[in-house]
Amino acid sequence: MSAPTHYTRSPLFAAAFPIAAVSDKIDSAAAALKPSPTGIDLYSRFAVAGAVCCSVTHGALTPVDVVKTRIQLEPEVYNRGIVTAFRTITASEGAGALLTGLGPTALGYGFQGAFKFGGYEFWKKTAVDWVGVEKSRENRQAIYLGAAAIAEFFADVALCPLEATRIRLVSQPTFATGLVSGFSRIAREEGLKGFYSGFGPILFKQIPYTMAKFAVYEVAFENLVGATGKTKAELSPGLAGSLNLGAGLIAGMAAAVISQPADTLLSKINKTKALPGETIASRLVKMSGQLGVKGLFTGMGARLVMVGTLTAGQFRGLCKEVPLLTAEVDDEGDFEAFEQYIKFMGPLEE
């Protein structure tokens, strides 16, 4: 028995006569009946979207990251304002210096974004399954924070070697010519320890940063939606995008302040190799004492600009790439659109 013939309209005919044909309606109905993605299919979508958004936003802000890192490492030269630092680097090294570390930045934060956003949704769903729907309603902030922390830990394992390469390229312009040569030189001269000497600081930086980013974003978005007097489902695409952007900006600013001291220590510890006999802990204690509280917050202005912008861009981009499924609370304390969450994520066992 031959397979049924599938008829479609010519694109030229469709353009000339924009009236839905029967085949179009059949295709639309078939698409509507497709089951929502679950399991690895679902989380891979979050991972891909997170990878793209983080890679693009961090890559685009490489010049600001270069300025921020230089201010942290050589404040006596560059800590005279963001604009002045830009001009100083450009005048002494050329505009191309502002793109130093672009390769490891884009690749490293692509890996990190995949583990962070894909993992966040996975661990959030896992927590809801584990504690049950009712307790999840009552403890949603703990779920947000726990899921973010676990996801970020695994994300940092992937990010750390490339972040070490980026910082070495920015702090020592003659160290290597780019990602491959810089990565290879660290591997050859310092081994695994060279890539992970900053793992402690990156955890102290990224885990509080990610916990604050997701938790503050969830609360900020809930409140911004509440201020409109509408439910999330009633928002127009333009308004929803604007609210995502605003909530992301607020979350980014909060996360930047919380994680700034560890970010400074991360830049310092990756600038040079450890001296013989020095441990990572002893280096961090020594650096913290030398810097003091004021020194640990060096470069705060540049980082606020960078982190606020990239976080807003990530959440805005994710809003367009995949639905950001977050648990929201209405006036009665129930999850707004929780049925939609269950339908999309799969059945939640109590």
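Every value quoted in this text rests on a predicted model; they were computed, and no experiment measured them.

### A closer look at the nonpolar core
Okay, step 1: Tyr120, Phe199, Ile202 and Phe214 are the most contacted members of the largest nonpolar core, which has 18 residues in total.
Okay, step 2: Going through the elements one at a time, α7 (102-131), α9 (140-171) and α12 (199-228) are the ones with two or more residues in this core.
Okay, step 3: The element that contributes the greatest number of residues to this core is α9, accounting for 8 residues.
Okay, step 4: Listed in part, the 10 residues of the second largest apolar core include Leu61, Ala256, Met300 and Met306.

### Some thoughts on the packing of aromatic side chains
Okay, step 1: Counted under the stated rule, the structure contains 7 aromatic pairs.
Okay, step 2: With a centroid separation of 5.7 Å and an interplanar angle of 75°, the aromatic rings of tyrosine 196 and phenylalanine 199 are classed as edge-to-face.
Okay, step 3: We classify tyrosine 196 as partly exposed; its relative accessible area is 24%.
Okay, step 4: Summarising the aromatic geometry, the rings of tyrosine 217 and phenylalanine 221 are spaced 5.8 Å apart at their centres and angled 15° between planes, so their arrangement reads as stacked. With tyrosine 217 and phenylalanine 221 both in helix α12 and 4 residues apart, the pair spans about one turn of that helix.

### Considering α12
Okay, step 1: Counted at 1.5 Å a residue, the expected span for α12 with its 30 residues is 44 Å, and the 42 Å between its end C-alpha atoms agrees.
Okay, step 2: Immediately beyond the C-terminal end of α12, within one or two residues, lies glycine 229, with a positive phi of roughly 80°.

### Here we look at the packing of α9 against α12
Okay, step 1: Remark: α9 packs on α12, axes separated minimally by 8 Å, with the N-to-C direction vectors making an angle of 140°. For the element pair α9 / α12, the angle class is oblique. Helix-helix and strand crossings are classified by hand; for α9 and α12 the assignment is right-handed.
Okay, step 2: When grouped by side-chain class, the residues that make up the contact of α9 with α12 number 16 nonpolar, 3 polar and 7 charged.

The rules we used
For every chain, the first residue of the written sequence is number 1, and numbering continues from 1 onward in sequence order. The predicted nature of this model means local features are confined to residues of pLDDT at least 70 and side-chain atom pairs, given and counted, to a pLDDT of 80 or more, with totals for whole chains, interfaces and linings taken over all residues. Water and hydrogen atoms play no part in the side-chain values, which are based on all heavy atoms of the structure. Among the buried residues, those of types Ala, Val, Leu, Ile, Met, Phe, Trp, Tyr and Cys that are joined through side-chain atoms within 4.5 Å form a nonpolar core. Residue burial is assigned from relative accessible area. The probe radius is 1.4 Å, only protein chains are included, and a residue is buried under 20% of its type maximum, exposed over 50%, and partly exposed in between. Numbering of helices and strands runs from the N terminus, with a helix taken as a DSSP run of H or I at least four residues long and a strand as a DSSP run of E at least two residues long. Ring pairs are drawn from Phe, Tyr and Trp, using the six-membered ring of Trp, whenever the two centres fall within 6.5 Å, and their geometry is named by plane angle: stacked under 30 degrees, edge-to-face over 60, tilted for the rest. For a helix, the expected span equals 1.5 Å multiplied by the number of residues minus one. Simply put, an axis is a line fit to the C-alpha atoms, just over the touching stretch for a helix, and the angle between two N-to-C directions goes from 0 to 180 degrees. An angle counts as roughly parallel when it lies under 35 degrees, as roughly antiparallel when it exceeds 145, as roughly perpendicular when it falls between 65 and 115, and as oblique in every other case. Each crossing gets its handedness from the near helix: less than a right angle anticlockwise from the far helix is left-handed, clockwise is right-handed. By the convention adopted, Pro, Cys, Tyr, Trp, Phe, Met, Ile, Leu, Val and Ala count as nonpolar, Lys, Arg, Asp and Glu as charged, and the other residues, Gly among them, as polar.

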